Amino acid sequence: MRPSCTRDPWFPQLAENEAPAKSPLDTFSIKARQFCCSKAFQCSKPRVPLPANRCPQLRRLCLAETDLRPVPYESIPPSLQALELSRCEIPAAWFCGSAARALPRLQCLVVGNVPAFSDHHLLNISSQSRLKTLSLSGTYRVTDQGIQRAAPHLEELERLVLRRCVVGDSAMDFVGRHMKRLRFLEISDAYSLTKAGLAHLAALRCLETLCLDLCDKISPGAITALCQALPQLRNLKLGGACFEDEAIGKIQASLPHCSFSRTP
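Conventions and cut-offs
Residues numbered from 1 in each chain as written. Predicted model: local features only at pLDDT ≥ 70, side-chain atom pairs only at ≥ 80, totals over all residues. Heavy atoms only, no water. Helix = DSSP H or I, 4+ residues; strand = E, 2+ residues; numbered from the N terminus. Contact = heavy atoms within 4.5 Å. Core = buried A, V, L, I, M, F, W, Y, C linked by side-chain atoms within 4.5 Å. Buried < 20%, exposed > 50% of the residue type's maximum accessible area, 1.4 Å probe, protein only. Polar contact = N/O pair within 3.5 Å; in protein donor to acceptor, adjacent residues only side chain to side chain. Phe/Tyr/Trp six-rings, centres within 6.5 Å; stacked < 30°, edge-to-face > 60°. Salt bridge = Lys/Arg side-chain N within 4 Å of Asp/Glu carboxyl O.

## Some points on the environment of Leu185
On the secondary structure map, Leu185 appears in strand 9 (residues 184–188). Along the chain, Leu185 and Leu134 lie 51 residues apart, while their C-alpha atoms are 10.0 Å from each other. When sequence neighbours within four positions are dropped, the list of residues in contact with Leu185 reads Leu160, Leu201, Leu204, Leu207, Thr209, Leu210 and Cys211.

Right, dumping it as structure tokens:
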């Protein structure tokens, strides 16, 4: 069941007045209106969100373009297994607190263009949950130091996406050191990443799919060396770097058991 909230764009009256005391909802998605200006988006104050005691079986919560700063973290049902935030504003206190306020069943966290999401948010949620999927896009407050601190808590991670994050070689060191169960890895717009950092990913022996959108600082030889060190790699997707056709041909020839694709 995937309810939508077209009548009222904010954490709606459905959550406050219409939801039964024991709601059978499995997935809840909200896209709030936003009013764009030149510097940042602004959202009206939301109403009370889904109370945890009214949706005890909620597994997936998707919030888009919503100002969550007035929303208490305790209102998120602890039954959540997947949380997706897109173009939202969150307070510093989110994901913080005691074990009683944690999301112990959370396995999937997707954060896209949430300006306030930072290193301490990442550490808190990773230490309280057993994530298997983590996708961070446009979270410029997540740094190498944040990945370093969170990595020991992300050893069960199977899927990692880092797009437009301020991470480099140091972060890759801790990804390779702790996230050895990764099967899917995407890294894009990591302008500080060099071939030294890329080499740390050779420790990911279970990796099956690798997506790299890199700048020209990474040579074709460094990519080839990494991919040859990954015994389970079956899919390679490259973008960003302006390699000559000859260099691309050499990469493909060196990986006969790997499907290859290229994006502009």
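## With respect to the nonpolar core
What tends to happen in soluble globular proteins is that the nonpolar side chains get buried as a cluster. Ranked by internal contacts, the top residues of the largest apolar core, which has 70 residues, are Phe117 and Leu210. Excluding anything up to four places from it in sequence, Leu210 contacts Leu185, Leu226, Cys227, Leu230, Leu233, Asn235, Leu236 and Lys237.

## Examining unusual backbone geometry
Unlike most non-glycine residues, Arg87 shows phi in positive territory, near 50°. Tracing the backbone through its elements, the reader meets Arg87 in the loop between strand 5 (82–86) and strand 6 (108–112). In this structure, Arg164 is a non-glycine residue whose phi angle is positive, near 55°. With respect to the helices and strands, Arg164 occurs in the loop between strand 8 (159–163) and helix 4 (169–178). Given the relative accessible area of 38%, Arg164 is considered partly exposed.

## Structural notes on the side chain of His121
Inspection of the secondary structure assignment puts His121 in helix 2 (residues 119–128). His121 gets classed as buried once you look at its relative accessible area, which sits at 1%. Only 3.2 Å separates the side chain of His121 from the backbone oxygen of Pro91, close enough to count as a polar contact. Aside from chain neighbours lying at most four places away, what touches His121 is Ile90, Pro91, Ala92, Trp94, Phe95 and Ala116.

## What about the environment of Phe184?
Within the secondary structure, Phe184 sits in strand 9. For the pair formed by Phe184 and Asn235, sequence separation is 51 residues and the distance between their alpha carbons is 9.4 Å. With near-sequence residues (within four places) excluded, Phe184 lies in contact with Glu158, Arg159, Leu160, Val161, Leu207, Thr209 and Cys211.

## Things to note about the packing of aromatic side chains
Applying the stated criterion to the full structure yields four aromatic pairs. Ring centres of Tyr73 and Trp94 lie 5.8 Å apart, and the angle between their planes is 50°; on these two criteria the pair is classed as tilted. Separated by 21 residues along the polypeptide, Tyr73 in the loop between strand 4 (60–64) and strand 5 and Trp94 in the loop between strand 5 and strand 6 bring together distant segments of the chain. Ring geometry for Phe95 against Phe117: centres 6.1 Å apart, planes inclined by 75°, an arrangement best described as edge-to-face. Placement of the pair is Phe95 in the loop between strand 5 and strand 6 and Phe117 in the loop between strand 6 and helix 2, with a sequence separation of 22 residues. Residue Phe95 shares its accessibility class with Phe117, and that shared class is buried. One aromatic cluster is present, formed by Tyr73, Trp94, Phe95 and Phe117 through successive ring pairs.

## Quick notes on the pattern of salt bridges
Tallying each qualifying case throughout the model produces eight salt bridges. Linking Arg69 and Asp67 is a salt bridge whose minimum nitrogen-to-oxygen distance equals 2.9 Å. For Arg69, a relative accessible area of 47% puts it in the partly exposed group. Linking Arg262 and Asp245 is a salt bridge whose minimum nitrogen-to-oxygen distance equals 3.8 Å. Placement of Arg262 in strand 12 (residues 259–262) and of Asp245 in helix 7 (residues 245–253) is noted, with a sequence separation of 17 residues between them. Judged by relative accessible area, Arg262 falls into the partly exposed class, the value being 39%. We classify Asp245 as exposed; its relative accessible area is 64%.

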